[in-house]
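As a plain string of letters, each chain reads:
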Amino acid sequence: MNKYVERVLNELNTKYPNEVEFKQAASEILNSLVPYVEKHPELEKNKILERFVEPERLISFRVVWERDNGEVEVNRAYRVQFNSAIGPFKGGLRFHPSVNQSIIKFLGLEQTLKNSLTGLPMGGGKGGSDFDPKGKSEREIMRFCQAFITELYRHIGQFRDVPAGDIGVGAREVGYMYGQYRRICNESVGTLTGKGITFGGSLARKEATGYGLCYFTEEAMKEILNESFNNNIVVISGSGNVAIYACEKAIELGAKVVAMSDSDGYIYDENGIDLALVKEIKEINRGRIKEYINVHKNATYVEGSSGIWTIKCDIALPCATQNELDLESAKILVKNGVKAVCEGANMPSTLEAAYYLIENKVIYGPAKAANAGGVATSGLEMSQNSSRLQWSFETVDNKLKEIMINIFKNCYQIAKEYGNQYDLLKGANIAGFEKVSKAMLEQGLM
Ligand code: NDP
């Protein structure tokens, strides 16, 4: 290992012994930057890696809110403003009981590279709370969102930090947060993205991460294998926002999607997933994926979600959560002849699984590149808000497609330049880092 990279990672170990996810992400990124770091001694001289892994600011705050029965609840919340060298901090908010400082920092670091890859002027940030939206009433969700933004509003702004959604934060939650922000600040500016269409939201934002994932995958299949989604079998984990719209686009591009999941288990339908039914269960009724087999008796439901990777498929799209695809799953996928594994979720593959896929010449689309369509479209929402315009669905979708194809081409080009066309992970890290580190160097010490 390179001595400089080793030293920076050791320092992180000493400083943050308990931040497992953050150190996992930092180690993955820094290790793949080694060949670039060796070519650029100015990075070590200016301590760029030390600065790159240390967030500019980390805000940790208390959120106090009230249940319908009058009981008082207290949650922890965070906003990490990771790196603003190339633009205002930008990144989603996650509401999930697993949220802690380590997870928010890992997401913020990844977001910095992802935003850089989009080619848009956006820095990296991320936030969230250990609040669990499950089982909460509509009014409780609203009160929590209002209390959350009442604390956070002072740290964000259209030119400073622009939050959006993530796990547990969809259009409904963004709406409540934006409403409270507007009420406190008395101004209508695009400080949050993922807003409703009637108050500054962008058309195609809802679809963007899933569609973008498929545009990236389609381009990779075309370029590397001279193939496409057409006539291929696809397995998608999750059944949330990313999974649903990845499924929609994959079907539109001619694939047959045979499985989806939620945190309880997965469904397998060899006739192809009935997406309208999944949308009804998940988007409208906020129900469980197992309800699918009540309608499609031929389909099967299996308890426990990780088994989904044992299903034979050509393209796997993990779209649920971090570390959901481990080495064992990667081995089964490879044995079953998988051609591409492209990540809709953030860090869904463990590092061992990712390396195994790359070694076995599977097209591996790392999250920071393959799922950048969501934030890219958020960037397009910011542009629309600043110019006081609303673009058509087609305009946004075309720009999204162009951005995703460019992201693939950049990663692929650099992967080839550094010796392995299948190492899109290295390609993505170096492509994203190059722009951020140049901006940091040119702006002096800070
Ligand atoms: P949602 O909350 O809409 O959906 C998450 C889905 O994953 C749900 O179906 C959930 O099931 C399922 N899930 C959660 N944990 C597990 C698990 N352990 N095993 C199997 N399924 C699980 O979130 P999104 O679709 O928005 O986000 C999914 C991923 O994509 C996250 O990693 C997020 O960071 C990433 N992402 C999202 C973007 C966006 O635009 N939304 C942009 C870029 C990345 P259940 O209902 O049971 O909880």
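Rules used in this analysis
- Residues numbered from 1 in each chain as written.
- Predicted model: local features only at pLDDT ≥ 70, side-chain atom pairs only at ≥ 80, totals over all residues.
- Heavy atoms only, no water.
- Helix = DSSP H or I, 4+ residues; strand = E, 2+ residues; numbered from the N terminus.
- Contact = heavy atoms within 4.5 Å.
- Polar contact = N/O pair within 3.5 Å; in protein donor to acceptor, adjacent residues only side chain to side chain.
- Salt bridge = Lys/Arg side-chain N within 4 Å of Asp/Glu carboxyl O.
- Buried < 20%, exposed > 50% of the residue type's maximum accessible area, 1.4 Å probe, protein only.
- Phe/Tyr/Trp six-rings, centres within 6.5 Å; stacked < 30°, edge-to-face > 60°.
- Near = heavy atom within 4 Å.
- Areas by Shrake-Rupley, 256 points an atom, 1.4 Å probe, with all protein chains shown as cover.
- Nonpolar A, V, L, I, M, F, W, Y, C, P; charged D, E, K, R; others polar.
- Domains from an automatic or database assignment.
- Buried area = accessible area lost by both parts, 1.4 Å probe.

Topic: the environment of Ser239
Mapping Ser239 onto the fold places it in the loop between strand 6 (233-237) and helix 9 (241-252). When sequence neighbours within four positions are dropped, the list of residues in contact with Ser239 reads Ile244, Met260, Ser261, Asp262, Val278, Lys282 and Ile289. Looking at Ser239, its side chain comes within polar contact range of the main-chain oxygen of Ser261, at 2.8 Å.

Things to note about the pattern of salt bridges
Tallied over the full model, the rule gives 27 salt bridges. The residue Glu381 makes a salt bridge to Lys195 at a minimum N-O spacing of 2.9 Å. Linking Glu381 in helix 15 (residues 373-387) with Lys195 in the loop between helix 7 (171-185) and helix 8 (205-225), this pair joins segments that are 186 residues apart in sequence. This pair shows no difference in class: Glu381 is buried, exactly as Lys195 is. Lys409 serves as the salt-bridge partner of Glu223, at 4.0 Å between the closest nitrogen and oxygen. With Glu223 in helix 8 and Lys409 in helix 16 (residues 393-417), this pair connects stretches of sequence that are 186 residues apart. Assessed through its relative accessible area of 40%, Glu223 is described here as partly exposed.

Looking at the packing of aromatic side chains
Tallied over the full model, the rule gives 17 aromatic pairs. With 5.9 Å between their ring centres and 85 degrees between their planes, Trp65 and Phe144 make a pair best called edge-to-face. Of this pair, Trp65 sits in strand 1 (residues 57-66) while Phe144 is found in helix 6 (residues 138-152), placing the two residues 79 residues apart along the sequence. Judged by relative accessible area, which is 5%, Trp65 ranks as buried. Geometrically, the ring pair formed by Tyr211 and Tyr215 is edge-to-face, given 6.4 Å between the ring centres and 75 degrees between the ring planes. Of the two residues, Tyr211 and Tyr215 both sit in helix 8, 4 residues apart, roughly one turn of that helix. Judged by its relative accessible area of 7%, Tyr215 is buried. Taken together, the ring pairs in this structure connect Phe61, Trp65, Phe95, Phe131, Phe144 and Phe148 into an aromatic cluster.

Overview of the site of the ligand
Close contacts around the ligand come from 24 residues, with Asp166, Thr209, Ser263, Arg288 and Asn346 the closest. Contacts to the ligand include Gly168, whose backbone N or O atom sits 3.5 Å from an oxygen atom. At 3.2 Å, a side-chain N or O of Arg205 approaches an oxygen atom of the ligand. Calculation on the ligand without its partners gives an accessible area of 890 Å², and the protein chains cover 83% of this total. By residue class, the composition of the shell around the ligand is 5 nonpolar, 12 polar and 7 charged. Split by domain, the residues of the shell around the ligand number at least three in each of domain 2 (55-188) and domain 3 (206-370).

Some details on the domain arrangement of the protein
Segmenting the protein into domains produces domain 1 (1-53), domain 2 (55-188) and domain 3 (206-370). The distance between the C-alpha centroids of domain 2 and domain 3 comes to 27 Å. On the side of domain 3, 11 residues touch domain 2, which itself brings 13 residues to the contact. Summing both partners gives a buried area of about 950 Å² for domain 2 against domain 3, and 49% of it is carried by carbon and sulfur. Area buried by domain 2 at its contact with domain 3 is led by Phe106, Glu110 and Lys114, which between them contribute 45% of it. At the junction of domain 2 and domain 3, the tally comes to 1 salt bridge. Between Glu110 and Lys368 there is a salt bridge, and its shortest N-O distance comes to 3.1 Å. Across the contact surface, domain 2 and domain 3 share 3 residue pairs in polar contact (both at pLDDT 80 or more). Looking at the side of domain 2 that touches domain 3 element by element, the count peaks at 7 residues for helix 5 (residues 101-117). In terms of residue class, the side of domain 2 that touches domain 3 is built from 6 nonpolar, no polar and 7 charged.

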